[in-house]
Amino acid sequence: MEKTVRKAQRRQHSSWSFYQLRQFIQYKADLAGIPVMLVDPKNTSRTCIQCGYVAKENRSLRDNFCCRACGYVDLADKLAAENIRRDAVN
Ligand SMILES: [Zn+2]
């Protein structure tokens, strides 16, 4: 079912499902004794894991990452996951 939401309410409306997902993950992780760390997702798919260069142009194609500074190439989703892991560990 599609819902119409006013522009001012869009952020709050779309954020709710992520909040609920986070609650589910936290609940399951607590049961299993696994720590959950929150990581800011900003630029995780635009940041080169090799040299740290951040640019929108690193993602000229949706699924592929190609660093404009050092030429590192990877799958965009895999690279984002590695950046999230790195940020969680650091
Ligand atoms: Zn690079």
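Residues numbered from 1 in each chain as written. Predicted model: local features only at pLDDT ≥ 70, side-chain atom pairs only at ≥ 80, totals over all residues. Heavy atoms only, no water.

Per an unreviewed UniProt entry, the protein is named Transposase, and its organism is Candidatus Babela massiliensis.

Engineer: How do you make sense of the coordination of the zinc ion when you look at a structure like this?
Structural biologist: Here the zinc ion is held by the protein donor atoms C48 (SG), C51 (SG), C67 (SG) and C70 (SG), which lie 2.3 Å from it. Considering all four donor atoms around the zinc ion, the spread of angles at the metal, 106 to 117°, places the coordination shape in the tetrahedral class. Taken in chain order, the donor set of the zinc ion reads C-x2-C-x15-C-x2-C. Pair noted here: C48 is in the loop between α1 (7–32) and β1 (64–66) and C67 is in the loop between β1 and β2 (73–75), with a separation of 19 residues, a long-range link. (Donors = N, O, S within 2.8 Å, 3.2 Å for Na, K, Ca; no water. Tetrahedral: all angles 85-135°; square planar, octahedral: opposite > 155°, others 65-115°. Helix = DSSP H or I, 4+ residues; strand = E, 2+ residues; numbered from the N terminus.)

Engineer: What is the right way to read the side chain of N83 from this model?
Structural biologist: Along the chain, the position of N83 falls in helix α2 (residues 76–89). A polar atom in the side chain of N83 sits 3.1 Å from the side chain of R86. Beyond its immediate chain neighbours, meaning those up to four positions away, N83 contacts T44, T47 and I49. (Polar contact = N/O pair within 3.5 Å; in protein donor to acceptor, adjacent residues only side chain to side chain. Contact = heavy atoms within 4.5 Å.)

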